[in-house]
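# Architecture at a glance
Below are the chains, spelled out letter by letter.
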Amino acid sequence: MRKNIVAGNWKMNKNLQEGVALATELKEIVSNPNCEVIIGTPFIHLATVSELLKDNVIKVSAENCADKASGAYTGEVSAEMVKSTGAEYCILGHSERRAYYGETYEILKEKVQLALANDLKPIFCIGEVKEEREAGKQNEVVKAQLEGSVFNLSAEDFGKIVLAYEPVWAIGTGLTATPEQAQEIHAYIRGLVAEKYGNEVADNCTILYGGSCNAKNAAGLFANPDIDGGLIGGASLKAEDFKAIIDAF
Ligand code: PEP
């Protein structure tokens, strides 16, 4: 059966010392969770935090990786480098990267393949903007995002991916999709995976919800059959808040 996951995305927050302090606090208060727990940190934290959480239940993720394997790409960080820090996951396709750094379907396709080739598990984000939701186009948007970047994968490789549905209008805005809205589109996404890869792959695919998920609304969202946890931004920056979401399982 598929895994339930609560994953944090620290984004560009916390300097190294603050990040180590947060990871240390989480290490102390998270024990025997009823789901997999992941923290997504900036690149510079990865090696230190991975060492700190070695053999711990909390797993570590990058928030991005390069679309090239290696070479003259000043300032970039490759999937191989990420893997060498001890991180196990890599968030890819976050709407902020699509919007602010021009990440296209093609670029993301390369990133996903490089992450998988380096034994990193992608947490692949999809989701529509407000205007698309208002025009009722959310299903076609997520379909195109999947077709453009991950439906080229073999069933075996697709099986290593975690999907995160994150309506852009809900990210960092305090507006959350209702449990009904989220369940509806998660079921649609799982249906697309079933059409492409069959029922077994679809049943095993973890689909997270992201967008202003917090301690108050997490249980209502996670109670739905096709919502397998959350990708958490703001509420992952305080240990107690993040733990309360983990405890929703
Ligand atoms: C995110 O950035 O992935 C996210 C879900 O952010 P927030 O929880 O702050 O809306």
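Throughout what follows, the structure given in this document is the object of discussion.

The rules behind the values
- The written sequence of each chain sets the order in which its residues are numbered from 1.
- Residues qualify for local features only when their pLDDT is at least 70, as the model is predicted, and side-chain atom pairs are given and counted only at 80 or more; totals for whole chains, interfaces and linings, by contrast, use all residues.
- Side-chain metrics rest on all non-hydrogen atoms present in the structure, leaving aside hydrogens and water.
- Lining residues are defined by having an atom within 4 Å of a point belonging to a cavity or pocket. Those points lie on a 1 Å grid over the protein atoms alone, cavities being sets where a 1.4 Å probe fits but cannot get out and pockets being open sets with protein on both sides within 12 Å along at least five of seven lines.
- Grid points are joined across faces, edges and corners, and a volume is the space filled by probe spheres set on the points.
- In this text, helices come from DSSP runs of H or I with a minimum length of four residues, and strands from runs of E with a minimum of two, each type numbered from the N-terminal end.
- Throughout this entry, Asp, Glu, Lys and Arg are counted as charged residues, while Ala, Val, Leu, Ile, Met, Phe, Trp, Tyr, Cys and Pro are counted as nonpolar. The remaining residues, Gly among them, count as polar.
- Only Phe, Tyr and Trp rings are paired, with Trp represented by its six-membered ring, and only when their centres lie within 6.5 Å; those with planes under 30 degrees apart are stacked, over 60 edge-to-face, the remainder tilted.
- Between buried and exposed lies partly exposed: a residue is buried under 20% and exposed over 50% of the maximum accessible area for its type, with that area taken using a 1.4 Å probe on protein chains only.
- Near is defined per residue: the residue qualifies when any heavy atom it owns lies within 4 Å of the molecule or strand.
- We call two N or O atoms a polar contact when they sit within 3.5 Å, provided that within protein one can donate a hydrogen and the other can accept it, with sequence-adjacent residues counted only if both atoms are side-chain atoms.
- The protein chains shown are the only cover counted for residues, whose accessible areas, like all others here, come from Shrake-Rupley with a 1.4 Å probe.
- By definition, residues are in contact when any of their heavy atoms lie within 4.5 Å.
- Strand pairing follows a simple DSSP-based rule, namely that at least 2 bridges must link the two strands.
- Interaxial angle, 0 to 180 degrees, is taken between N-to-C directions of lines fitted to C-alpha atoms, where a helix line uses only the stretch in contact.

Our focus in this paragraph is empty space enclosed by the protein. This model, assessed by the stated rule, comprises one cavity of 30 Å³ or more. What the largest cavity holds in volume is close to 40 Å³. Along its surface, the largest cavity is lined by Gly93, Ser95, Arg98, Cys125, Ile126, Gly127, Gln145, Glu166, Val168 and Ile171. When contributions to the lining of the largest cavity are tallied by element, the ones reaching two or more residues are α4 (95-100) and β5 (121-126).

Over the atoms rolls a probe the size of a water molecule, and its path tells where empty space is left. Of the pockets and cavities examined, the largest pocket occupies roughly 540 Å³. Residue lining of the largest pocket: 19 residues in total, with Lys11, Met12, Glu63, Arg97 and Tyr101 positioned closest to the centre. Ranked by the residues each element gives to the lining of the largest pocket, the list is headed by α4, at three residues. When grouped by side-chain class, the residues that make up the lining of the largest pocket number nine nonpolar, five polar and five charged.

A separate point is the packing of aromatic side chains. Where two aromatic rings form a pair, the distance of their centres and the angle of their planes describe that pair. Summed over the entire model, instances satisfying the criterion amount to five aromatic pairs. For the pair phenylalanine 158 and tyrosine 197, a centre-to-centre distance of 4.6 Å together with 20° between the ring planes defines the contact as stacked. Of this pair, phenylalanine 158 sits in helix α8 (residues 155-158) while tyrosine 197 sits in helix α9 (residues 179-197), and the two are 39 residues apart along the sequence. On the basis of relative accessible area, phenylalanine 158 is assigned to the buried category, the value being 1%.

Inspection of the region around the ligand gives 14 residues, with Lys11, His94, Glu166, Gly172 and Ser212 positioned closest. Separating an oxygen atom of the ligand from a side-chain N or O atom of glutamate 166 is a distance of 2.7 Å. Its free accessible area being 290 Å², the ligand has 95% of it covered by the protein chains. Considering only residue class, the shell around the ligand consists of four nonpolar, eight polar and two charged.

This paragraph deals with the side chain of asparagine 224. One can find asparagine 224 in the loop between α11 (218-222) and β8 (229-232). Polar side-chain contacts of asparagine 224 include one of 3.0 Å to the backbone oxygen of glycine 220. Ignoring anything within four residues of it in the chain, the contact list for asparagine 224 reads Pro179 and Gln183.

Read around the barrel, eight strands follow the order β1-β2-β3-β4-β5-β6-β7-β8 and close on themselves; strand pairing throughout is parallel. For this sheet the average axis-to-axis angle between neighbouring strands, irrespective of direction, equals 25°. The pairing of strand β2 (residues 36-40) with strand β3 (residues 58-62) spans four bridges and is classified as parallel. In the strand pairing of β3, valine 37 is matched with isoleucine 58. Taken strand by strand, helix α5 (residues 105-117) contacts β4 (89-92) and β5, and its axis lies near 155° from that of β5. In the packing of α9 onto the sheet, contacts are made with β5, β6 (162-165) and β7 (207-210), and the angle to β7 comes to roughly 145°.

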